[in-house]
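# Examination of the molecular architecture
The residues making up each chain are set out below.
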Amino acid sequence: MPMCQRCQRLTIDELVENDVLLHPNLGALKTSATEGCDFCKLCWTALQTASKTQLDKLLQGKSAWEEGKSWTPTIWLRGTHFWDSGTAGTRIDVSCGKLRTTAGGFDHERDPEENPSPGVGDWLEVYEVPGKPSKYKLRGRRTTFDRDPDLYIPLIKQWVDDCRKTHKACYASSDKEMPTRVIDVSFKPDRVRLITTGPMHEPYIALSYCWGADTSGIFTLTKQTYPVMTDGAGLPVGKLAKTHCEVVALVRSLGIRYLWIDALCIIQGDAADWEKESVTMARVYGNAALTVIAGRSASTKDGFITNHLGKDKSRPPPCQLPVDGTPISGTLTIDLRRSEAMGPVFGRGWCFQERMISHRAIVFGEEQIFYSCSGGYYFENGQTRPNTLRPKFLQQPEPLPLAPRQIPAATGKAPTLTATEEILKAWYTVLTNFTTCALSNPHDVFAAVMAVAQQASKALPPGTRYLAGIWECDMVRGLLWRPCYHFQNGPMSHTLTTRPKSTFLTKEKGNVVRAPSWSWAAVEGPVAHVMFTPLLVSRYRDEKGWWMIRPKHAADSGAAKTGQNTVDRMKGLSLNQGHRWSADTRQVGVNELYMPACELHLVGRVARVKVFEEPVASYLTGRKWTKLSVAKAKSNGVLLSREGEPALKGADKWDHIVAIGFFDVREDRKGVKNVWCLPVARDMGLVLERRVDGKFARLGWFVVEREAWFVALKENDICLC
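Residues numbered from 1 in each chain as written. Predicted model: local features only at pLDDT ≥ 70, side-chain atom pairs only at ≥ 80, totals over all residues. Heavy atoms only, no water.

## So, the overall build of the protein chain
The following threshold applies: By definition, any uninterrupted DSSP run of H or I lasting at least four residues is a helix, any uninterrupted run of E lasting at least two residues is a strand, and each is numbered from the N terminus. Restricting the calculation to C-alpha atoms gives the radius of gyration, and the globule rule supplies 2.2 Å times the number of residues raised to the power 0.38. Burial classes follow relative accessibility: with a 1.4 Å probe on protein chains only, a residue under 20% of its type's maximum area counts as buried, one over 50% as exposed, and anything between as partly exposed. Residues count as neighbours in contact if any of their non-hydrogen atoms are within 4.5 Å of one another.
The helix and strand tally for the protein chain stands at 23 helices and 29 strands. For a compact globule of 721 residues, the expected C-alpha radius of gyration is about 27 Å, and the protein chain comes in at 30 Å, within 12% of that figure. In the protein chain, which comprises 721 residues, the share counted as buried stands at 55%. Within the protein chain, contacts between residues separated by at least 24 positions form 71% of all contacts whose residues are at least 6 apart in sequence.

## A short note on the state of the cysteines
How we decide: Only a pair of cysteine sulfur atoms within 2.5 Å counts as a disulfide in this structure description.
Applying the stated rule across the entire model yields 0 disulfides. Here Cys-40 stays unpaired: no disulfide links it, and the sulfur of Cys-37, its closest cysteine neighbor, is 3.6 Å away. Sulfur of Cys-677: no disulfide; nearest cysteine sulfur belongs to Cys-721 and is 17 Å away.

## Looking at the side chain of His-23
Counting through the fold element by element, His-23 comes out in strand E1 (residues 19–23). Other than its neighbours up to four places away in sequence, His-23 contacts Cys-4, Ala-28, Leu-29, Ser-32, Cys-40, Thr-74 and Ile-75.

## Observations regarding the sheet that holds strand E16 (residues 384–385)
Heads up, the rule is: Only strands that DSSP links by at least two bridges are regarded as paired with each other. Here, axes are lines fitted to C-alpha atoms. For helices the fit covers the stretch in contact, and angles between N-to-C directions go from 0 to 180 degrees.
Taken together, 10 strands build an open sheet; the order of strands is E8-E6-E5-E9-E7-E10-E13-E14-E15-E16 and the sheet is mixed. Pairing within the sheet leaves two strands with one partner each, and these edge strands are strand E8 (235–236) and E16. This element, helix H6 (residues 152–166), spans strand E10 (290–293), strand E13 (360–364), strand E14 (369–373) and strand E15 (376–379) of the sheet and lies at about 20° to E14.

## Side note on the sheet that holds strand E11 (residues 319–322)
With respect to topology, 6 strands assemble into an open sheet ordered E1-E2-E3-E4-E12-E11, the strand pairing being antiparallel. Looking at strand neighbours, the two that pair on one side only are E1 and E11, the edges of this open sheet. If you compare each strand with its neighbour and ignore which way they point, the axes differ by 35° on average. Of the pairings in the sheet, the one linking strand E3 (residues 91–96) to strand E4 (residues 121–127) comprises 5 bridges and is antiparallel in character.

## Some thoughts on helix H4 (residues 38–46)
By the criterion of burial, H4 is predominantly enclosed, with 7 of the 9 residues buried. Those residues of H4 that fall on the buried side of the exposure criterion are Asp-38, Phe-39, Cys-40, Leu-42, Cys-43, Trp-44 and Ala-46.

## As for the pairing of strand E27 (residues 684–690)
Taken across its 7 residues, E27 has 5 buried, putting it largely inside the fold. Bridging between E27 and strand E28 (residues 696–704) involves 7 bridges; their strand directions are antiparallel. Residue pairing in the sheet places Met-684 in a bridge with Val-703 of E28. Where E27 hands over to E28, the hairpin turn is made up of 5 residues, of which Gly-694 adopts a positive phi near 90°.

## Let's talk about the pattern of salt bridges
Convention followed: By definition, a salt bridge exists where a carboxyl oxygen of Asp or Glu is found within 4 Å of a side-chain nitrogen of Lys or Arg.
Taken as a whole, this structure holds 37 salt bridges when the rule is applied. Here Arg-257 ties to Asp-184 by a salt bridge, and the two come within 3.0 Å at their closest N and O atoms. With Arg-257 in the loop between helix H8 (242–253) and strand E9 (258–260) and Asp-184 in strand E5 (residues 181–188), the pair connects residues that are 73 residues apart, well separated along the chain. For Arg-257, a relative accessible area of 42% puts it in the partly exposed group. Take Asp-184: its relative accessible area is 2%, and that puts it in the buried class. One salt bridge in this structure joins Arg-541 and Glu-421, with 2.6 Å as the shortest N-O distance. Highlighted residues: Arg-541 in helix H17 (residues 534–541) and Glu-421 in helix H14 (residues 419–434), separated in sequence by 120 residues.

## Topic: the nonpolar core
Note the threshold: What we call a nonpolar core is a set of buried Ala, Val, Leu, Ile, Met, Phe, Trp, Tyr and Cys residues that are connected through their side-chain atoms within 4.5 Å.
Core analysis: the biggest nonpolar cluster contains 144 residues, and Phe-364, Trp-427, Trp-471, Trp-520 and Leu-720 have the highest contact counts within it. Each residue touching Trp-471, except ones within four places of it in the same chain, is listed here: Leu-424, Trp-427, Ala-453, Ala-456, Ser-457, Leu-460, Thr-464, Arg-465, Tyr-466 and Val-590. Core analysis: the second largest hydrophobic core is formed by 42 residues, Cys-4, Ile-92, Val-94 and Tyr-136 among them.

## A short note on the packing of H14 against helix H15 (residues 450–459)
Each pair of packed helices gets described by two things: the angle between the helix axes and the distance between those axes. Spelled out, the test is: Angles are sorted into four bins: roughly parallel if under 35 degrees, roughly antiparallel if over 145, roughly perpendicular if 65 to 115, and oblique for all others. Only Asp, Glu, Lys and Arg are considered charged in this grouping, and only Ala, Val, Leu, Ile, Met, Phe, Trp, Tyr, Cys and Pro are considered nonpolar; every other residue, Gly among them, is considered polar.
In the contact formed by H14 and H15, the axes pass within 11 Å of each other and the chain directions differ by 170°. Considered as vectors, H14 and H15 are oriented roughly antiparallel to each other. Listed contacts from H15 to Ile-423, Trp-427 and Val-430 of H14 are Val-452, Ala-453, Ala-456 and Ala-459. Considered class by class, the residues forming the contact of H14 with H15 number 7 nonpolar, no polar and no charged.

## Some words on the packing of aromatic side chains
Condition: In summary, the pairing rule links any two rings of Phe, Tyr or Trp, Trp by its six-membered ring, whose centres are within 6.5 Å, and it sorts them by plane angle into stacked for under 30 degrees, edge-to-face for over 60 and tilted for everything else. Charge-over-ring placement is defined geometrically: NZ (Lys) or CZ (Arg) within 6 Å of the ring centre, and within 35 degrees of the ring normal.
For the structure on display, the rule yields 28 aromatic pairs. Where Phe-352 meets Phe-434, the ring centres are 6.0 Å apart and the plane angle is 45°; that geometry is what we call tilted. Within this pair, whereas Phe-352 is found in helix H12 (residues 349–357), its partner Phe-434 is found in helix H14, the two being separated by 82 residues in sequence. Residue class for Phe-434 comes out buried when judged on its relative accessible area of 4%. Aromatic side chains Tyr-371 and Tyr-378 sit 6.4 Å apart centroid to centroid with 45° between the ring planes, which places their arrangement in the tilted category. Cluster of aromatic residues (ring-pair linked, three or more members): Phe-352, Phe-434, Phe-446 and Trp-520. Over the ring of Trp-701 we find Arg-482; its NZ or CZ atom is 5.2 Å from the centre of that ring. Arg-698 extends its terminal NZ or CZ atom over the ring of Trp-481, reaching a point 3.5 Å from the ring centre.

Printed below as a string of structure tokens:
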């Protein structure tokens, strides 16, 4: 473990909460790293996260910041969170210029050794070697194929034990219903056996994983293998796929007897058994004592236990720094920070549901393992953070109370969300994340989110219907889903929505119809709904003032006849609970695996408009338009104009434009000269096509530009299919 002369003098104590000069400039650091100093290699590699332009300028001895701003070329270190093991984990910051602090705010006068923003810096992990504790008692650890490969077992036991003792929100009763079948891993040392649980109430572990593209040769439960898996001799573990073998060994090491794996507990190729078991995923994963998520593995054949991080030759190995320079104080290990990425499992639809439903999960991520529960995320490298992605309706052991907060009287302050609105807000967040995931069989779209919907249904007011992925009590907002690339920036904006396509698991060829056109499930790709900002919350509560559609079969109640506001009438229980937007009674509900068709019957204002050929950019030039991103509107939108009216010149040139429309799927725009507009709310509506039978189907959505024109239209009965 070679060190340069400078690094040989470094100690941990010297770095703790202290700025320490490492090298005079970036070039000196690079030279030392190239010449073989292990610690300088880590520091140099860490700084590669900065922009190449900045690094190139610094290596040339030039400023990497705006001309005229003072700067320094010096390379500094600073150790943080050694005593408190903060949420970021114990770390050594490496930066060009001293690490800027926020003690005086970012506007405080800069130290001469601090650099302007954006900074050039990153950080290194610090952790202890098992069996060699230091005075700092650090949380961080590392378990890879070449360093403490079996450390994951005591880590998991510690996390689970801490969770049981200290997390009230994670309380799990031992008296929970088990899946229909489980694998008894304690049957014999080299064998397992499938059993039917019946009235059993025993702890078990569930596995969440990717099957992989090539499933040939993988042993599964079928009608033919059922006798082999259930007979007295049991099944040799060696017959199982590598991932299945490894999870059997893990479950045994954790002292649990029973294991659930879909491939071995659901009869493959038996449609009736699959449909029966698919609706029970909320129970399977929700009642599990622990879910093991094989995140880093893309195939059942690859296994998931071993962390191959150390095999990456481009990644410098960890090194040690002495605590205070004396032999008795020992050393701490320094390493590049590890990714928190989950791996291939993260983008799979079924796996998304499985981790959302699980109360406790251990994730074998790409570069480290971590534990997830209602209390938060706990990473192998010592980092922690709250679990903000798991909604409260999935954390409650019992349904939410049926008497949530009433909507307060108008005070001019931001409205307080009712319990129903809080659940819906969480549901839409879950849905957006779910739509980023892929499914091997596009027809599984409702089945793969069913367990989450079932739990949401328990928390929503009784009688709330689930129509092709949309809650009937929030139909107006539910219809106004939008592809993320139409209006958002960030990762989700890079993926276009498309029509679901056939796969090797579907019978049909070409496009797949798996949902009515008005459902978000009619497309593939990230979509999002109307946000729950204070202004929009108030607007969507106002049925008469903000809504532009109403159900044809509205609730017929005494309160409705007196004109009492629906939200007041339900005391916050729902938004429009008594309404029926659809007369369909079959293939609707949270327990339906397939919902390819469902008709909505409503009253609204619909008008045929012309798709204007002039670009949106021409219309928006010189306008103060803030309805959404101007750049997004220009690149994705089309102008919609009144039919039969010529464009006017001068000040009224654009008077005929009534909306800016967006097609859900770009290919659907080709050759379309006319569409129909249905305003759903005062600011937005749906772009429709009219079919030969007079019914309407969704093509996209639009932003209202001439509200008065839409309001003046005559109401008609409308059928959306």
